[in-house]
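Listed below are the residues making up each chain.
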Amino acid sequence: LRGQKRVLFEKEYYSVGGGFLQRKAWNPPARGVPVYSYKTAAELKKIMDAQNLPLHELIMENETAITGMSGHRIREDIIRIIMAMESAVEGGIEREGVLPGPLGLHRKASVLFRNAKKQSKIADRFLVYLSAYAFAAAEENAAGHRVVTAPTCGAAGVMASIVYTMKHHLRLPIDDIVRGFLAATVVGFLAKKNASVAGAEVGCQGEVGVASSMGAAMLAYARTSRFEIMENAAETALEHHLGMTCDPVGGYVQIPCIERNAMGAVKAYTAALIASAETAEFHMVGLDKAITAMAETGRDMNEKYRETSRGGLALLVRC
């Protein structure tokens, strides 16, 4: 106001981990009670069998009961989230230059996207495209632009890249993608309830690892609508992130975080393929066990590898 320094309005917020924010003196809104309450994948499977309900219908009933919204409104909201993920990918592909911060890290998404078209092998081309999409959304996060926390901002590129691939490469119908999205929420819920999705608590296994697990579940369920295949895909993706540390160079969500999003996306896609091609009943490890292992590993992990930038790459790569 013409040189006068006067605060007109202020609010205080806190980052409480896992991509969640809370306002000071904030009271959460009243929520309904889920129709079907579960704490583990095994409990969920029993309820599905007892009620003779497919996973997506059960989750939709719970969402309706908790939020008070209609199924149609929830579907519309999911599609809005999907569109926001697409927007993050497309924005990241279009932008070039250096990301904010002292690392001087150059964006790679646009270069990968252009070079994907030059790949002579179809399989190579597809993997470069998938990686480009993950880089794109992760770079948008690093630039402070709009992304979808899934399950965190630092892992925002994984599910976004799988969603974009499902829609623009696999040409899956939007209702199949929505059903897959509902399956992914189960994985995120179970991981958050029984372990954590915060790098500060369990390392990057809880961020990119859970994102990869969610992406694998989403793709597997969208293509098969089978709970067993979805669970196996989610478990496979998570299992192969167990023990992953969180050691961001300089404290910025750039190195190794952005590249990890691409690796998480590739693992998610591969896990969904394996789960769809294997004999489901011969799968040895359940999702609940993988989540328990993540929680125990996170508790045992040295603090310097949990988002403190006091170990690993954070010390070996200097700003």
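Coordinates for the structure precede this section.
Within each chain, residue numbers correspond to sequence positions counted from 1 in written order. Reporting of local features is limited, given that this is a predicted model, to residues whose pLDDT is at least 70; pairs of side-chain atoms are given and counted only at 80 or more, and all residues count toward the totals for whole chains, interfaces and linings. Side-chain numbers come from the whole structure's heavy atoms, not from hydrogens or water.

A. Just the overall build of the protein chain, in detail. Helix numbers and strand numbers start at the N terminus; a helix is a DSSP run of H or I with at least 4 residues, a strand a run of E with at least 2. When you go through the protein chain residue by residue, the secondary structure sums to 13 helices and two strands. Our radius of gyration is a C-alpha quantity, and the globule rule it is checked against amounts to 2.2 Å times the number of residues to the power 0.38. At 20 Å, the protein chain has a C-alpha radius of gyration in line with the 20 Å of a compact globule built from 319 residues. By the burial criterion, 48% of the 319 residues in the protein chain qualify as buried. In what follows, residue pairs with any heavy atoms lying within 4.5 Å of each other are defined as contacts. Pairs at least 24 residues apart make up 73% of the contacts formed inside the protein chain by residues separated by at least 6 positions. Put simply, the protein chain shows about 16000 Å² of open surface, and 53% of that area lies on carbon and sulfur atoms. Under the counting rule used here, the positive set is Lys and Arg, the negative set is Asp and Glu, and His together with the chain ends is not counted. Just so you know, the charge point we use is NZ for Lys, CZ for Arg, CG for Asp and CD for Glu. Counting 37 positive and 33 negative side-chain charges, the protein chain places the centres of these two groups 7 Å from one another. Under the scheme applied here, a residue whose accessible area is under 20% of the maximum for its type counts as buried, over 50% as exposed, and between as partly exposed, the area being computed with a 1.4 Å probe on protein chains only. Per-residue and other accessible areas were derived by the Shrake-Rupley procedure at a 1.4 Å probe size, with only the shown protein chains allowed to occlude residues.

B. Region of the structure containing the side chain of Ser196. Inspection of the secondary structure puts Ser196 in the loop between helix H7 (174-194) and helix H8 (199-202). Of the residues examined, Ser196 reaches a relative accessible area of 5% and is grouped as buried. Polar contact is defined as a pair of N or O atoms within 3.5 Å, subject to the rule that within protein one atom must be able to donate a hydrogen and the other to accept it, and that residues adjacent in sequence are counted only when both atoms are side-chain atoms. Within polar-contact distance, the side chain of Ser196 engages the side chain of Glu201 at 2.3 Å. Ignoring sequence-local partners within four residues, the contact set of Ser196 consists of Ala191, Glu201, Val202, Gly206, Val210 and Met294.

C. Structural view of unusual backbone geometry. Here the amide bond leading from Ala150 into Pro151 is cis, since omega sits at 0 degrees, within 30 degrees of zero. Note on placement: Pro151 falls in the loop between helix H5 (122-142) and helix H6 (156-168). Along the chain, Ile255 connects to Pro256 via a cis peptide bond; the corresponding omega equals 0 degrees. The backbone phi angle of Ala25 is positive, close to 65 degrees, even though this residue is not glycine. When you line up the elements, Ala25 lands in the loop between strand E2 (20-23) and helix H1 (41-51). Given the relative accessible area of 76%, Ala25 is considered exposed. At Ser309, a residue that is not glycine, the phi angle is positive and equals roughly 60 degrees. Summarising the element assignment, Ser309 is placed in the loop between helix H12 (287-300) and helix H13 (313-316).

D. Looking closely at the state of the cysteines. By disulfide we mean two sulfur atoms from cysteines, separated by a distance within 2.5 Å. For the structure shown, the criterion picks out zero disulfides. With no disulfide of its own, Cys257 has Cys246 as its nearest cysteine by sulfur position, at a separation of 6.1 Å. A relative accessible area of 13% means that Cys257 is categorised as buried.

E. A look at the packing of aromatic side chains. A pair of Phe, Tyr and Trp rings is counted when the ring centres sit within 6.5 Å of each other, with Trp represented by its six-membered ring. The angle between the planes then sorts it: under 30 degrees is stacked, over 60 is edge-to-face, the rest tilted. For the structure shown, the criterion picks out six aromatic pairs. Where Phe126 meets Tyr269, the ring centres are 4.9 Å apart and the plane angle is 55 degrees; that geometry is what we call tilted. One end of the pair, Phe126, is in helix H5; the other, Tyr269, is in helix H11 (residues 257-277), and 143 residues separate them in sequence. Residue Tyr269 is classed as buried on the basis of its relative accessible area of 12%. Chaining the aromatic ring pairs together yields one cluster made of Phe113, Tyr129, Tyr133 and Tyr164.

F. A look at the pattern of salt bridges. Any carboxyl oxygen of Asp or Glu that lies within 4 Å of a side-chain nitrogen of Lys or Arg is treated as forming a salt bridge with it. Scanning all chains against the criterion turns up 15 salt bridges. Across the salt bridge formed by Glu228 and Lys45, the nearest N and O atoms sit 3.5 Å from each other. Taken together, the positions of Glu228 in helix H10 (residues 227-239) and Lys45 in helix H1 put the pair 183 residues apart, joining distant regions of the chain. Judged by relative accessible area, which is 21%, Lys45 ranks as partly exposed. Here Glu259 makes a salt bridge to Lys108, at a shortest N to O gap of 3.4 Å. With Glu259 in helix H11 and Lys108 in the loop between helix H3 (71-94) and helix H4 (109-116), this residue pair connects regions lying 151 residues apart in the sequence. Ionic contacts of the salt-bridge type, sharing partners, join the residues Arg95, Arg107, Glu139 and Glu140 into one network.

So yeah, pure geometry; function would need other evidence.
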